[in-house]
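Close look at the chain arrangement
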Amino acid sequence: MRLRVHSVLRWLHIYTSMISLLIVLFFAATGVTLNHPDWLATERISEISGTLPSTWKSSEGIDWLVVDETLRANNGVHGTVADRREDDREASLTFRAPGYSADAFIDAQTGTYRLSTSNQGMIGMINDLHRGRDAGSAWAWVIDAAGIFLVLLSLTGLGLLFYLRKVRFSALLTLAGGAALIIILARLAT
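Structure report, in brief. (Residues numbered from 1 in each chain as written. Predicted model: local features only at pLDDT ≥ 70, side-chain atom pairs only at ≥ 80, totals over all residues. Heavy atoms only, no water.)

**Here's the deal with the overall build of the protein chain**
A count of helices and strands for the protein chain gives five helices and seven strands. The order of helices and strands in the protein chain, counted from the N terminus, is α-β-β-β-α-β-β-β-β-α-α-α. Taking 190 residues into account, the globule formula puts the C-alpha radius of gyration at 16 Å, and the protein chain, at 25 Å, lies well above it. For the protein chain, the spread of C-alpha atoms along the three principal axes comes to 80 × 35 × 25 Å. The contacts in the protein chain between residues at least 6 apart in sequence include a share of 52% that link residues at least 24 apart. Looking at the protein chain as shown, the accessible area adds up to about 12900 Å², and 63% of this sits on carbon and sulfur atoms. Side chains of the protein chain give 17 positive and 17 negative charges; the mean places of these two sets differ by 24 Å. (Helix = DSSP H or I, 4+ residues; strand = E, 2+ residues; numbered from the N terminus. Rg over C-alpha atoms; globule rule 2.2 N^0.38 Å. Contact = heavy atoms within 4.5 Å. Areas by Shrake-Rupley, 256 points an atom, 1.4 Å probe, with all protein chains shown as cover. Lys, Arg positive; Asp, Glu negative; His and termini not counted. Charge placed at Lys NZ, Arg CZ, Asp CG, Glu CD.)

Encoded structure:
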């Protein structure tokens, strides 16, 4: 039984390590780029003006679908609609995607608009994926799966330590030292 548990732990640890290697590499690299955003900043901001078609507004109000499709077709806007607002003078529509945002401000009387887009490039995109910002529910599942793989990797590694008599004590001592260091650094940071 003991040998069987060790074999299963070892098998799980090997294969979760292979999957987790890419996860750790991604989150480690983006952790550095998040911590130093000025190192690789490539943000491009653009301002565009235009006029919506006459069908954008009717007596019943704003047809947000017409506004959305016009901005996407004419200006290359992409992402998910994050916010929309309207009052007597102005309407606005906001689009968000990892590393990208677009804000359209529409004159409620004339249908003319100002569109401001911000594209932060590849680094901005992967930084937002690291945070899970504006990435959608599918990416949230990826982050959850990554967390599960890393927990499984850690637990199987810890389980394997108990089968390795020669290094068990020093490994557990290192684990305790690392945990203490993290707690100390966390308290210093707050």
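**Considerations on the packing of helix H1 (residues 2–35) against helix H3 (residues 121–131)**
Contact pair H1 / H3: the axes reach a minimum separation of 9 Å and the direction vectors enclose 115°. Here H3 runs roughly perpendicular to H1, going by the angle between their axes. In the crossing of H1 with H3, the sense of the turn from one axis to the other is left-handed. Between H1 and H3, the residues in contact are Phe-26, Phe-27, Thr-30, Gly-31, Thr-33 and Leu-34 and Ile-123, Ile-126, Asn-127, Leu-129, His-130 and Arg-131, respectively. Looking at the contact of H1 with H3 residue by residue, the classes come out as six nonpolar, five polar and one charged. (Axes fitted to C-alpha atoms, helices over the stretch in contact; angles between N-to-C directions. Parallel < 35°, antiparallel > 145°, perpendicular 65-115°, else oblique. Left-handed = near helix turned anticlockwise from the far one by under 90°. Nonpolar A, V, L, I, M, F, W, Y, C, P; charged D, E, K, R; others polar.)

**As for the pattern of salt bridges**
Per the counting criterion, the structure on display carries five salt bridges. The partner of Asp-68 in a salt bridge is Arg-72, and the shortest N-O contact between them spans 2.8 Å. Placement of the pair is Asp-68 and Arg-72 together in helix H2 (residues 64–75), with a separation of four residues, close to one helical turn. Asp-68 sits in the buried class, given a relative accessible area of 13%. Here Asp-128 and Arg-131 are joined by a salt bridge, their closest N and O atoms 2.7 Å apart. One end of the pair is Asp-128 and the other is Arg-131, both in helix H3 and three residues apart, which spans about a single turn. (Salt bridge = Lys/Arg side-chain N within 4 Å of Asp/Glu carboxyl O. Buried < 20%, exposed > 50% of the residue type's maximum accessible area, 1.4 Å probe, protein only.)

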